[in-house]
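Chain residues, written in single-letter form:
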Amino acid sequence: MTTNKSKQFAFNFLPKTYLGEEDFMVTSCNQNAYMAVKMWPNWQHFSLNIFGPKSSGKSHLAHIWVESIQASLPRPIQIPILSSHSINMKNLNKITNEHPYLVIEDLDSNINEEAFFHLYNNYNVPGRFILFTSELPPSKLSLKLPDLRSRLNIIPTIEINQPDDEMLTALIAKLFNDRQIIINQEILDYILKYSERSFDYITKLIAEIDEISWIYKRAVSIPIVKEAIENLNHNQQLELFI
């Protein structure tokens, strides 16, 4: 016989993140980005930049792109997904020589500009492709090298907007499903009514709800959701003063 304690302990498992194309939710806020990724290899440029707010699915799109490339090849190859901060002059040649396809995430103003200048030039040849993700478009980055700025500004950029109602509903359902938590329509409606309408907030909120539910050893309910929203809003207020 399984005890209630052991059932509740299962809630403490890390959520499984599903990054397949069948798990990507396409709505008006991200449709252009999704279609741009799916247009490969018929890109007009060797690279593409997907930008948008935190937790908006940029990394998920990167995995879909990698899957598309793998499906087109006679045999799988390694396609690195790298942080923009990991690119430097020491590893540049190794990356360029070993990987014709590359994902670079979190492009921002703190990159090694010399390395990125050479990276751009090294990949700007037939048969090589890079997918960039970032919170801001390259044109908004504070870069010192004029030649690098001009090159990054050429990259086609597609924005993921903040979620619409359709996306919010699907995102909430997916995040709970990733944690193997079932909710009813009343809880979903409450979250939609009282939570901040952003990808990052919803992602943090579901994690907070899960944590409170596990601590109390109770199923998710309106009072738990309310407490999670209050905690999250309080933490955000504190961050403004730090």
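Parameters and conventions
- Residues numbered from 1 in each chain as written.
- Predicted model: local features only at pLDDT ≥ 70, side-chain atom pairs only at ≥ 80, totals over all residues.
- Heavy atoms only, no water.
- Core = buried A, V, L, I, M, F, W, Y, C linked by side-chain atoms within 4.5 Å.
- Buried < 20%, exposed > 50% of the residue type's maximum accessible area, 1.4 Å probe, protein only.
- Contact = heavy atoms within 4.5 Å.
- Phe/Tyr/Trp six-rings, centres within 6.5 Å; stacked < 30°, edge-to-face > 60°.
- Helix = DSSP H or I, 4+ residues; strand = E, 2+ residues; numbered from the N terminus.
- Lys NZ or Arg CZ within 6 Å of the ring centre and 35° of its normal.
- pLDDT = per-residue confidence, 0-100.
- Axes fitted to C-alpha atoms, helices over the stretch in contact; angles between N-to-C directions.
- Left-handed = near helix turned anticlockwise from the far one by under 90°.
- Nonpolar A, V, L, I, M, F, W, Y, C, P; charged D, E, K, R; others polar.
- Pairing = 2+ DSSP bridges.
- 1 Å grid on protein atoms, 1.4 Å probe; cavity = no way out; pocket = protein on both sides within 12 Å on 5 of 7 lines; lining within 4 Å.
- Points joined across faces, edges and corners; volume = space filled by probe spheres on them.
- Expected span 1.5 Å × (residues − 1).

### Quick look at the nonpolar core
Within the largest apolar cluster, 47 residues are counted, with the highest numbers of intra-cluster contacts made by Leu61, Trp65, Ile191, Ile202 and Ile209. Ignoring anything within four residues of it in the chain, the contact list for Leu61 reads Phe24, Ala33, Tyr34, Val37, Ile50, Leu131 and Ile160. Core analysis: the second largest hydrophobic core is formed by 21 residues, Phe46, Ile95, Phe117 and Leu141 among them.

### Thoughts on the packing of aromatic side chains
Two measures describe an aromatic ring pair: the distance that separates the ring centres and the angle between the ring planes. Per the stated rule, a full pass over the model turns up nine aromatic pairs. Look at Phe24 and Tyr34: their rings are 5.8 Å apart centre to centre, the planes differ by 15°, and that puts the pair in the stacked class. Taken as a pair, Phe24 in the loop between helix 1 (4–9) and helix 2 (31–38) and Tyr34 in helix 2 lie far apart in primary sequence, ten residues in all. Accessibility classification places Phe24 together with Tyr34 in one group, the buried group. Taken together, the ring pairs in this structure connect Trp40, Trp43, Trp65, Tyr101 and Phe129 into an aromatic cluster. Seen from the ring of Tyr123, Arg128 lies directly overhead, with NZ or CZ sitting 5.2 Å from the centre.

### Some remarks on the confidence of the model for the protein chain
Confidence in the prediction for the protein chain averages 91 pLDDT; 91% of positions are at 70 or higher. Across residues 1–12, confidence stays below pLDDT 50; counting only partners more than four residues off in sequence or on other chains, it has ten contacts.

### A closer look at the packing of helix 7 (residues 165–178) against helix 9 (residues 199–216)
When two helices pack together, their arrangement is given by the angle between the helix axes and the distance between those axes. At a minimum axis distance of 10 Å, the contact between helix 7 and helix 9 shows a crossing angle of 35°. For the element pair helix 7 and helix 9, the recorded crossing hand is right-handed. Facing helix 7, whose interface residues are Met167, Leu168, Leu171, Ile172, Leu175 and Phe176, helix 9 presents Phe199, Ile202, Thr203, Ile206 and Ile209. In terms of residue class, the contact of helix 7 with helix 9 is built from ten nonpolar, one polar and no charged.

### Regarding the sheet that holds strand 5 (residues 157–159)
The strand order across the open sheet built from five strands is 2-3-4-1-5, with neighbouring strands paired in parallel fashion. Bordering the open sheet on either side are strand 2 (81–83) and strand 5, each of which pairs with just one other strand. With strand direction ignored, the average angle separating the axes of adjacent strands in the sheet is 20°. Relative to strand 4 (residues 129–134), strand 3 (residues 101–105) runs parallel, the two sharing four bridges. Its bridge partner lying in strand 4, Ile104 is registered against Phe132. Those strands touched by helix 3 (residues 58–72) are strand 1 (47–51), strand 2, strand 3 and strand 4, and its axis lies near 175° from that of strand 3.

### Observations regarding the layout of surface pockets
Here the largest pocket is characterised by a volume of approximately 590 Å³. In terms of lining, the largest pocket is formed by 33 residues, of which the most central are Ser55, Ser56, Gly57, Lys58 and Thr203. Going through the elements one at a time, helix 3, helix 7 and helix 9 are the ones with two or more residues in the lining of the largest pocket. In terms of residue count, the dominant contributor to the lining of the largest pocket is helix 7 (five residues). Along the lines of polarity and charge, the residues of the lining of the largest pocket split into 14 nonpolar, nine polar and ten charged.

### Concerning helix 7
Between its terminal C-alpha atoms helix 7 stretches 20 Å, which fits the 20 Å expected from 14 residues at 1.5 Å a residue. Those residues of helix 7 not exposed but buried are Met167, Leu168, Leu171, Ile172, Lys174, Leu175, Phe176 and Asp178. For helix 7, the elements touching its buried residues are helix 8 (185–194) and helix 9. Following helix 7 by one or two positions, Gln180 adopts a phi angle in the positive range, close to 55°.

### Quick notes on the side chain of Thr27
Topologically, Thr27 is positioned in the loop between helix 1 and helix 2. Note on Thr27: relative accessible area 6%, which makes it buried. Excluding residues within four positions of it along the chain, Thr27 makes contact with Asp164, Glu166 and Met167.

### A look at helix 5 (residues 113–123)
For helix 5, the set of buried residues is Glu113, Ala115, Phe116, Phe117, Leu119, Tyr120 and Tyr123. Those residues of helix 5 hidden inside the fold are in contact with helix 4 (92–98), strand 3, strand 4 and helix 6 (146–154).

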